[in-house]
Amino acid sequence: DGTHVHIASGHYTNGQETFPLMLTRPGIQLLGTNRADTILNASGSTNRVISALGVKGDARIEGLSLTGGNLAPYIGNRLGGGVYVEASQLSLANCNITNNTVPTSQYQYQASGAGLYGVNSTILLTNCLVRDNYAYQEQTSSSARGAGVASLNCLMTMVHCAVVQNRIYPAWAA
């Protein structure tokens, strides 16, 4: 399909936008002005920032900051607080993925990839920063993994990226 969505500089928040932003069209591209000035902030939405489901071709996210994803205890899976990618081919370039959270709960016993989680996908990250994301393990019978990035059955390539200062809480869960 090849739809290009150009996003002007600004701070897009819950209330202005409905999160998660769903990418489901082949070749969809979200193109921000630059990651310092184009911010998608899901704070207060109790959901992730972006879900990419079945996107193929030249699907791309570029020049955005993706922040504030925080999965509520009763909503879906506990995977990918910032970006969740499933059965897709997706490129992310010049993006910040920061301050996203995935907690376990009494209903969902695994929390993974607070910044980015991919499953059955091919993902290319170029010049991206994945930082200050948190995976919380709320009980000893649950597990929290990959606070910054986690994947299952993925081919994930990172070029000139930094995955830093991501945390799993409590420390005994790491």
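None of these values were measured; they are calculated from a predicted model. One numbering rule holds for all chains: residues counted from 1, following each sequence as written. At least 70 in pLDDT is required for a residue's local features to be given in this predicted model, at least 80 for side-chain atom pairs to be given and counted, and no such filter applies to totals for whole chains, interfaces and linings, which use all residues. Remark: hydrogens and water are excluded; side-chain values derive from all non-hydrogen atoms of the structure.

(A) How the structure looks around the overall build of the chain. To qualify as a helix, a DSSP run of H or I must reach at least 4 residues; to qualify as a strand, a run of E must reach at least 2; elements of each kind are numbered from the N terminus. For the chain, the count of helices and strands is zero helices and 22 strands. Burial status follows relative accessibility: with a 1.4 Å probe on protein chains alone, a residue under 20% of its type maximum counts as buried, one over 50% as exposed, and anything between as partly exposed. Per-residue burial over the chain gives 49% buried out of 174 residues. Split by element, the accessible area of the chain, about 7,700 Å² in all, is 49% carbon and sulfur. Residue-level accessible areas treat just the shown protein chains as cover; the underlying method is Shrake-Rupley with a 1.4 Å probe.

(B) A look at the environment of Ser65. If you trace the backbone, Ser65 turns up in strand 8 (residues 65-67). Its relative accessible area of 7% is what places Ser65 among the buried residues. Leave out the neighbours within four places in its chain, and Ser65 touches Arg35, Thr38, Ile39, Leu40 and Asn96. Residues are treated as being in contact if the distance between any of their heavy atoms lies within 4.5 Å.

(C) Up close: the pattern of salt bridges. The salt bridge definition used is simple: a Lys or Arg side-chain nitrogen within 4 Å of an Asp or Glu carboxyl oxygen. Counted by the stated rule, this structure contains three salt bridges. Note that Arg60 and Glu62 form a salt bridge whose closest N and O atoms lie 2.7 Å from each other. Overall, the relative accessible area of 25% leaves Glu62 in the partly exposed class. A salt bridge links Asp132 to Arg167, with the nearest nitrogen and oxygen atoms 3.6 Å apart. You can see Asp132 sitting in the loop between strand 16 (129-131) and strand 17 (134-136) and its partner Arg167 sitting in strand 22 (residues 167-169), a full 35 residues away along the chain. Residue Asp132 is classed as buried on the basis of its relative accessible area, which comes to 16%. Salt bridges here are not isolated pairs; linked through shared partners, they connect Arg131, Asp132 and Arg167.

(D) Main features of the sheet that holds strand 1 (residues 4-7). At least two DSSP bridges between two strands are needed for those strands to be called paired. Read across the sheet, six strands follow the order 1-4-7-10-15-20 without closing on themselves; strand pairing throughout is parallel. Single-partner strands in this sheet number two, and they are strand 1 and strand 20 (155-159). Taken over all neighbouring pairs, the strand axes of this sheet differ in orientation by 10 degrees on average, direction set aside. As paired strands, strand 15 (residues 122-126) and strand 20 are joined by five bridges and run parallel to one another. The partner of Ile123 across the bridge, within strand 20, is Met156. Lines fitted to the C-alpha atoms define the axes, with helices restricted to the stretch that makes contact. Angles between their N-to-C directions range from 0 to 180 degrees.

(E) Structural context of the sheet that holds strand 22. Across the sheet, which stays open at both edges, the three strands sit in the order 12-17-22 with parallel pairing between neighbours. Of all strands in the sheet, those with a lone pairing partner are strand 12 (101-103) and strand 22, marking the two edges. Sheet twist, expressed as the mean angle between neighbouring strand axes with direction ignored, is 15 degrees. In this sheet, strand 22 lies alongside strand 17 in parallel orientation, the contact comprising three bridges. Among the inter-strand pairings, Tyr136 is bridged to a residue of strand 22, identified as Tyr169.

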